[in-house]
Each structure stands twice: as structure tokens, then as C-alpha cells.
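Architecture and fold: a report
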Amino acid sequence: SQTSADGVKWDDPRPLASIGMGDYQVSWRNGGRLATAFDFHPKPLGLNARSNIYYMETRDSGKTWTTADGKPLDTPLLRADNPALIYDSYAEKLLVYLKDLNFDKEGHPVILFLTSRGYESGPKNDPRTWRTARWTGKEWEFRALTTSLNNYDHGSLHIEEDGTWRIIAPTDPGP
């Protein structure tokens, strides 16, 4: 992470993680809290084997990072098995495709993602399942929602002020 008081001069970068061959991440802000969810790309396939979900947040512009329950994290995270891990898809032999991150009306993070049995297109890696991971205030709760035909179907999670969740995503077959 990097910070800047004026948007012109920036402090030195502070890596959050360096696990495997990299990661993809999604992030969102809720008031003064910034959160990120990310995967990791294990060797030897790298991004074709994207796995796991990690969650961390900061309330001080990236000076310190914590888990959802407030436990401090020592960044950069260097191992796949670390305190930010919320879903071990690698152990389940499932790939993870992160889609979105938002906060529910209680201010708890909600992660939208898709799981698949492989990176290649076609029915051999079905089902591609849309899921959410939601912090309840005590633990992460996981739900399967629906399926898609492609790992790269992308969707957005909108959580309304009244608490209604809306997922806008291409989940039906066809264009």
C-alpha cells in the first residue's frame, strides 16, 4: 500500500503480501475502513491455479492491517497459511475467481466470488459456482448462490441501505 497527503508525493510502497506467484485482489471502503480480499497463484501454474481467499483491513490508511476480528497482521504476508486466510480452496482443489467486495448494513465485509474445478473453458470444469463469504462479527459464513458457464463471468454485489443484497451477474447461458 502507499499513502499521500496531497496526491502528488507518495510514501514508499509497503507490500501487503508476496505469496506464491502473485495474486489478484478486490477492495472497497466503508467509512474510514479500507478492506481488501485477495487470492494467491501457486507454483507451477501461477494465475491458472488461483486459490484461497485472504481478507485484511486497515483503519489508518495502511499503516497497520488486521483480520476481520481485529487481530494484527505482520505484512507482507509470505505464506499461504497465514492469519488472513478465510477460505482454503486449495485444499478443496477448487479455483477462486474474486468478483467483488462490499459491506452489509452492519458494516461486515461480504466477498462475492466464483469457484471452479479448473481454468480451462468448457463443461469439464463445471459447476462454476457463485458464492459469498460474509463476516458475521464472529466468523465467516459461506453461501452458494447459483452457477455460471465461465470462470470469467463477472458480477457486482450491491448492498442497499435497507440491507437488500443485489448481485448483478451473467448467470444464465447465452450472450
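Residue numbers here run from 1 along each chain, matching the order of that chain's written sequence. At least 70 in pLDDT is required for a residue's local features to be given in this predicted model, at least 80 for side-chain atom pairs to be given and counted, and no such filter applies to totals for whole chains, interfaces and linings, which use all residues. Side-chain measures were taken over the full set of non-hydrogen atoms in the model, leaving aside hydrogen atoms and water.

We now examine the sheet that holds strand E10 (residues 140-148). Strand order across the open sheet formed by four strands is E7-E8-E9-E10, with antiparallel pairing between neighbours. Of all strands in the sheet, those bounded by a partner on one side alone are strand E7 (95-103) and E10. Going from strand to strand, the sheet's axes swing by 20° on average, the running direction of each strand aside. Strand pairing follows a simple DSSP-based rule, namely that at least 2 bridges must link the two strands. Here a helix means four or more residues in a row that DSSP labels H or I, a strand means two or more in a row labelled E, and each is numbered from the N terminus. Structural elements are reduced to axes, namely lines fitted to C-alpha atoms, with helices fitted over the stretch in contact, and the angle between N-to-C directions of any two is expressed from 0 to 180 degrees.

Let us now look at the pairing of E10. In the sheet, strand E9 (residues 128-135) pairs with E10 via eight bridges, with the strands oriented antiparallel. Across the sheet, Arg128 pairs through a bridge with Ser148, a residue of E10. Linking E9 to E10, which pair antiparallel, is a turn of four residues; within it Gly137 sits at a positive phi near 105°.

With that out of the way, let us pick up the pattern of salt bridges. Salt bridge, as applied in this entry: a Lys or Arg side-chain nitrogen positioned within 4 Å of an Asp or Glu carboxyl oxygen. The full count for this structure, using the stated rule, is nine salt bridges. In this structure, Asp11 and Arg14 form a salt bridge, with 2.7 Å as the shortest nitrogen-oxygen distance. Buried residues are those whose accessible area, probed at 1.4 Å on protein chains only, stays under 20% of the maximum for their type, while exposed residues exceed 50% and partly exposed ones sit between those limits. Taking the relative accessible area as the measure of exposure, Asp11 reaches 26% and is therefore partly exposed. Judged by its relative accessible area of 29%, Arg14 falls in the partly exposed class.

The buried count for E9 comes to seven of eight residues, which makes it a mostly enclosed element. Note: strand E8 (residues 109-116) against E9, six bridges, orientation antiparallel. Residue pairing across strands places Phe113 opposite Arg131, the latter belonging to E9.

The next subject is unusual backbone geometry. Across the junction of Lys43 and Pro44, the peptide omega takes the value 0°, indicating a cis bond. Here Pro44 is to be found in the loop between strand E2 (33-40) and strand E3 (51-58). Geometrically, the link from Thr75 to Pro76 is a cis peptide bond, its omega value of 5° lying close to zero. Assignment of secondary structure puts Pro76 in the loop between strand E5 (72-73) and strand E6 (85-87). In the Ramachandran plot, Ser61 falls in the positive-phi region, its phi being about 60° despite a non-glycine side chain.

Before going further, it helps to examine the nonpolar core. A general feature of soluble globular proteins is that nonpolar side chains tend to end up buried together. Residues belong to one nonpolar core when they are buried, are Ala, Val, Leu, Ile, Met, Phe, Trp, Tyr or Cys, and are joined through side-chain atoms within 4.5 Å. Among the nonpolar cores identified, the biggest contains 18 residues, and Ile53, Tyr55, Ile86, Ile111, Phe113 and Trp140 are the most heavily contacted of them. For this core, the elements supplying multiple residues, two or more each, are E2, E3, E6, E7, E8 and E9. Broken down by element, this core gets its largest block of residues, four residues, from E7. Of all hydrophobic cores here, the second largest spans 11 residues; its members include Ala17, Phe38, Phe40 and Tyr54.

Below, the discussion takes up the side chain of Arg33. Here Arg33 shows up in strand E2. If near-sequence neighbours (up to four positions away) are discounted, Arg33 is found in contact with Trp28, Glu57, Thr58, Arg59, Phe103, Gly107 and His108. Contacts are assigned to residue pairs with any non-hydrogen atoms lying within 4.5 Å of each other.

With respect to the secondary-structure elements, Pro127 resides in the loop between E8 and E9. Overall, the relative accessible area of 45% leaves Pro127 in the partly exposed class. Here the alpha-carbon distance between Pro127 and Thr146, two residues 19 residues apart in the chain, equals 9.4 Å. Sequence-distant contacts of Pro127, defined by excluding residues within four places in its chain, comprise Thr115, Ser116, Arg117 and Thr147.

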